[in-house]
Structures are given as structure tokens and as C-alpha cells.
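Descriptive structure summary
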Amino acid sequence: MSDDQCTTEVTSQVHRVNGNDNCIQSNGRRKYSSSAQDRSDERTNINRQLLSPSSASSSAVSSLPSLGSGSGSSMVSEYHGKLPVISARARNFLVGSIGHQESALGDDELSRIFPNGLVNVMVITWNMSGKKGPDEINDILLPDNIEFVPDIYAIGTQESPGNSGSNEMRELIITLQSTIGPHHVLLHSAFLGVLHVCLFVRRDLIWYVSLPEDDYFNLRTKATNIVKTKGAVCISFALFGTTFLFVNCHLSAHSHRNQERMDDYDRICRSINLPRNLRPLKPKYNSTNATSRFDVVFWFGDLNFRIEQDYSNAIRMLTRASLTSFEALLHDDQLSKALDKGDIFYGFREAAIRFAPTYKYRIGTDGFDILRQRVPSYTDRILYRCKRSDQVSCIVYDCAQRVKTSDHKPVYALMEVKIKPGRDDIPLNAGAFRRDIYLDGLKRRSRDMPNNSIKNHSSVICVLS
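Residues numbered from 1 in each chain as written. Predicted model: local features only at pLDDT ≥ 70, side-chain atom pairs only at ≥ 80, totals over all residues. Heavy atoms only, no water.

1. Some words on the side chain of D302
Let me state the cut-off plainly: Numbering goes from the N terminus for both helices and strands, where a helix is a DSSP run of H or I of at least four residues and a strand is a run of E of at least two. Note on contacts: a residue pair is in contact if any heavy atoms of the two residues lie within 4.5 Å.
Assignment of secondary structure puts D302 in strand β11 (residues 296-302). Look past the residues within four positions of D302 in its chain and what remains in contact with it is T125, N127, Q158, C249, H250, L251, T379, D380 and H408.

2. With respect to the pairing of strand β4 (residues 118-127)
In regular strands, side chains alternate between the two faces of the sheet. Convention followed: We call a residue buried when its accessible area falls under 20% of the maximum for its residue type, exposed when it is over 50%, and partly exposed in between, using a 1.4 Å probe and counting protein chains only. Any two strands with at least two DSSP-identified bridges between them are counted as paired.
With 8 of its 10 residues buried, β4 lies for the most part within the structure. Note that β4 and strand β14 (residues 411-418) share 8 bridges and pair antiparallel. Note on β14: the bridge partner recorded for V123 is A413. In this sheet, strand β5 (residues 152-158) lies alongside β4 in parallel orientation, the contact comprising 7 bridges. Bridging across to β5, N127 finds its partner in Q158.

3. What to know about the nonpolar core
Here is the rule we go by: For the purposes of this section, nonpolar cores are sets of buried Ala, Val, Leu, Ile, Met, Phe, Trp, Tyr and Cys residues that join through side-chain atoms within 4.5 Å.
Formed by 62 residues in total, the largest nonpolar core has its most connected members in L239, F244 and F298. One finds F217, C234, I268 and C269 within the second-largest nonpolar core, a separate group that totals 26 residues.

4. Observations concerning the packing of helix α7 (residues 167-180) against helix α12 (residues 435-448)
What counts here: Simply put, an axis is a line fit to the C-alpha atoms, just over the touching stretch for a helix, and the angle between two N-to-C directions goes from 0 to 180 degrees. Note on terminology: angles under 35 degrees are roughly parallel, angles over 145 are roughly antiparallel, angles of 65 to 115 are roughly perpendicular, and the others are oblique. Take the far helix as your reference; a near helix turned counterclockwise from it by less than a right angle gives a left-handed crossing, and one turned clockwise gives a right-handed crossing. Only Asp, Glu, Lys and Arg are considered charged, only Ala, Val, Leu, Ile, Met, Phe, Trp, Tyr, Cys and Pro nonpolar, and every remaining residue, Gly among them, polar.
One can describe the packing of α7 onto α12 by two numbers: an axis separation of 8 Å at closest approach and a directional angle of 70°. With respect to their mutual orientation, α7 and α12 come out roughly perpendicular. Like other packed secondary-structure pairs, α7 and α12 cross with a definite hand, here right-handed. Side by side, α7 and α12 meet where R170, E171, I173, I174, T175, Q177, S178 and T179 of the first sit next to D436, I437, Y438, D440, G441, R444 and R445 of the second. The residue makeup of the contact of α7 with α12, split by class, is 4 nonpolar, 5 polar and 6 charged.

5. Details of the packing of helix α9 (residues 311-318) against helix α10 (residues 323-330)
Put simply, α9 and α10 touch, their axes get as near as 9 Å, and they point 155° apart. When the axis of α9 is compared with that of α10, the two are roughly antiparallel. Contacts between α9 and α10 involve A314, M317 and L318 on the former and, on the latter, S325, F326, A328 and L329. Taken together, the residues of the contact of α9 with α10 break down into 6 nonpolar, 1 polar and no charged.

6. Focus on the pattern of salt bridges
When their charged atoms lie close together, side chains carrying opposite charge are able to pair. As a reminder, the rule being used: We define a salt bridge as a contact between a side-chain nitrogen of Lys or Arg and a carboxyl oxygen of Asp or Glu at a distance within 4 Å.
Counted according to the given criterion, the structure contains 24 salt bridges. Residue K132 pairs with D135 through a salt bridge whose shortest N-O separation is 2.5 Å. Looking at K132, the relative accessible area reads 58%, which means it is exposed. One salt bridge in this structure joins R381 and D333, with 3.0 Å as the shortest N-O distance. Of this pair, R381 sits in strand β12 (residues 380-386) while D333 sits in the loop between α10 and α11 (334-341), and the two are 48 residues apart along the sequence. The residues R381 and D333 share a single accessibility class, namely buried. Each of R170, R434, D436 and D440 takes part in salt bridges that share partners, so that together they form one network.

7. Description of the sheet that holds strand β13 (residues 392-399)
An order of β6-β7-β5-β4-β14-β13 is seen for the 6 strands of this open sheet, with the pairing classed as mixed. Bordering the open sheet on either side are β6 (184-192) and β13, each of which pairs with just one other strand. Adjacent strand axes in the sheet meet at a mean angle of 15° when their direction is disregarded.

8. What about the sheet that holds strand β10 (residues 242-250)?
If you trace the 5 strands from one edge of the open sheet to the other, you get β8-β9-β10-β11-β12, paired in mixed fashion. For this open sheet the edge positions go to β8 (213-218) and β12, each flanked by a neighbour on one side alone. Going from strand to strand, the sheet's axes swing by 15° on average, the running direction of each strand aside. Taken together, the 9 bridges between strand β9 (residues 231-239) and β10 define a ladder with antiparallel strand orientation. Within β10, the residue paired with S236 across the bridge is L245. The strands touched by helix α8 (residues 258-271) are β8, β9, β10 and β11; relative to β8, the strand with the most contacts, the crossing angle is about 140°.

9. Points about the environment of V403
Residue placement: V403 occurs in the loop between β13 and β14. Residue classification places V403 among the buried residues on the basis of a relative accessible area of 5%.

10. Observations concerning α8
Here is the rule: Every helix has an expected span of 1.5 Å times one less than the residues it contains. For this quantity, the arc is that covered by the directions from the helix axis to the C-beta atoms.
Over its 14 residues, α8 extends 20 Å from the first C-alpha to the last, a length consistent with the 20 Å expected when each residue adds 1.5 Å. Burial in α8 covers these residues: N258, R261, M262, D264, Y265, I268 and C269. Seen along its axis, α8 keeps its buried residues to an arc of 150°; they face one direction. Packing partners of the buried residues in α8 comprise β8, β9, β10, β11 and α11.

11. Here's the deal with the environment of L199
For L199, the position within the fold is in strand β7 (residues 195-202). By relative accessible area, which is 0% here, L199 ends up buried. Through-space distance from the C-alpha of L199 to that of I235 is 8.3 Å; in sequence the pair is 36 residues apart. Discounting chain neighbours no more than four positions away, the residues touching L199 are Y153, A154, V185, L186, L187, H188, I235, F237 and F246.

12. Digging into the packing of aromatic side chains
Definition in use: The aromatic pairing rule takes the rings of Phe, Tyr and Trp, using the six-membered ring of Trp, and pairs them if the centres are within 6.5 Å, calling planes under 30 degrees apart stacked, those over 60 edge-to-face and the rest tilted.
In the structure shown here, the tally under the stated rule is 15 aromatic pairs. Taking 6.4 Å as the distance between ring centres and 75° as the angle between the ring planes, the aromatic pair formed by F114 and F240 counts as edge-to-face. With F114 in the loop between α5 (107-113) and β4 and F240 in the loop between β9 and β10, the pair connects residues that are 126 residues apart, well separated along the chain. Between W299 and F345, the aromatic rings sit 5.4 Å apart at their centres with planes inclined by 85°, giving edge-to-face as the arrangement. Pair noted here: W299 is in strand β11 and F345 is in the loop between α11 and β12, with a separation of 46 residues, a long-range link. Residue classification places W299 among the buried residues on the basis of a relative accessible area of 0%.

See below:
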């Protein structure tokens, strides 16, 4: 066969960008006959189309083989999931574009990962009172009133059983991993003393998020106060084109420090230095308030706002344990009043509270603390803020009433968030996660399996006569 003339048999459908008059089809097989000069002209035409901004997108689409008619319909499986070279070449000119079908964070990829454009986020806050916590925490991470495992978990603890690097905290994180399961991985965690926040995400999402960043603000600078840290610890990242900020905080305690708590909030907002590495923000979002710099913000923790009522009267109302009694208590809730006046959490929302106060319980029981006579209060809260009013919906807002290892009940909220396509030029996480925690979580799951689930399993052969 000479250099000037070649004949190539192609068993599957082949699409030529500039067409080919010498295509002969016979019995489902195609033959292409072309000279060296023809092939050179063809490459020139392809390059011209690729370099043309107006044709890059259209040529990528038109280059896909037609699989719906003729003999090509029998070859669908050969092309399923494969990327045509012409599309890959067109994509090379689109770095930094937003929403293009071939970009790594564009519309096509977003639709493939989230067909309805919605991501489910479970936000959890839990003041652990310095205790280990129960061995089984399904009621917190996998409660009965949610149908599917969320895509993202944001878990914040206050008064954790240890600080960064301690065996107690590592055991807690491994327990979280083993409970959520092998389809999620630990993306990032951050500490401020015994204040801790961590993010678990669906395994496949680690390729679509930016490098997570963290920051903190300590409301107590004295070393003697590290046992009960007050302040905030935060993590931020982008998922496709939507930026998130998660803030776990522990504000000043006691009923008479209401104004101090509001001042704490303002100091935290002004002190958080995030984001640092993402694309520069539009001028209107470059606020001194960090919560204005993100598309979606979740603020949660032991906010310590109290019910301003007499202890005996509050207990008398709670003996009815009805939604009406909860609503009556909330009329005297310090945070609810401040939100109504716009004194704090401007732009934030909180779902309706339909559960009992989460503080202060006698550890090991469902009863409120009688000795200290602390007025039962909704100290543990989850609030959210978004740039678009319809971007976030709260599906479930509840507490894990059966957890009794602390004087606080864990509170969780399942959120549904609309996300948008993004740009390829952000600092991608590129698949990084805490592999050691993942593997230890798998070992824990294996260890905790019932002894007879594997060892005593045997196959049964059924013989029909």
C-alpha cells in the first residue's frame, strides 16, 4: 500500500467533520478512500474549526456518531461512555469557561452527577459535654425521618471529648465514617481546641469540589479556657460553581449574656478570612462580613440563646410535650426575638422548630436538670443563608432525642441546595480525601458485623424433582 493511497476498513460508524464524498457503505461496513493531499486538507479544516470560537461547541456536538438509525443502531454499546477525539480537542480551548458542555464542571457533567441539579446536605450540631458519646449513632447520622443518605454531611461538635490529634477525637471521626458508610469519605476537618467541624462527601464528589479551606476565631484567648472553647471554626469550598461556607460555633453562655452573644456573632463574621484561593469575588460581595462572600452559608452550633421564662412555668408547659407548648416557649426565645428585629443573622433563615428544647438534660435520661434548674432552652440551632431566595430548602429539622450521653441533644437539618455549573480554573481538590480514616472506618464496620453474618453463611442448593 503506497503513501498516496490507503484504504481503511472501519467496523463501527465514523463521523467526518467536513464530510467525505468517497464514503461507500456496504453490509454495515464503511470504506474510506483518500489521498495524502485529501487527508492534509482535512486536518487543516479540522484545525480551522477547532480554532474558531463559534464552531468549537457545535463541531464537538456534531462529531458525535449517529446511533439512532441504520446499521449504527446496533453499535450503541461501542460508543457508550466514550469521548470523541474531536470533542476532546474542542474542549482544550475552553479552560475557564462556565457551563460549557465539555468543561469538567460544566452543564453536562453537572447533569450527570446531579440530574435534577439538587444536592442534599445534612448539617449536624452536637454539644458532647466532653463525653465519648454512644457507640451507635444512627439516630444522629441516619435518622428514621430521612429517606436517602445525604450527599454531604457537615458535622459540628462543641465540648468534644478531645482536641486535634487526640485519640478520642480520632475514634469519634472513625465512628462517623463507619456509620455513614463506604460511599462517603472525609473531605476535610478543622479544630479550635475542643470545637470541631468535619465534612463527609459522596465518594464521587471529591473530583468536583475545590480545595477546602478553613479558618477559626477564638473568643477566649487565655490558655486556661481551652477546655471549653468559645468561638467558631469554619470550612469553605466550591461544589461545581456553587460556593459553600460552614460555620460551627460555641457562643457565650448564660441567659444574661444575650448582648454578648450578638457581639460574638459580629466579631466572628468580621474575622473569618475566607475564601482565600477561589476566583476573586465581584465587588458587591467583597464585604467585611464573611457570610456575604458565599452562595450558601450554614451556621450551626451551641449558640446558647435561652428561653426567658421562669423555670417552673417552662417545665409545666413542657409536661404537655405538644407542638403548641413548643411554640409558646419560642415566643420567649432570645434568638427568635433577635431575628425578628434584625439584630443578628441578617439574611439568615431558620426552619420551624417542632421539637422539644435541647438543653439542659440530666445525662443518661430524658429528664431536664432539676438540681440546677436551668430553664429548658433551644441552645443548639442551625441557620442558613443563600444569595438566591429559592436556592435552599429545609426538608427536615429535628433533634436526636434518644441520645443521652450529654446534657444537650444533637440537632440535625436536611437541606436541599440548587447548584450551578462552574469553571475549570478553580483550585480543584482532584480526588484528595482522608484515606486513613476511610480504611479505619471500613475495618470498624467489618469488626462490628454480627459474628454469624459471614461465618455462618452457607449456600443452599434446591433440587426440584
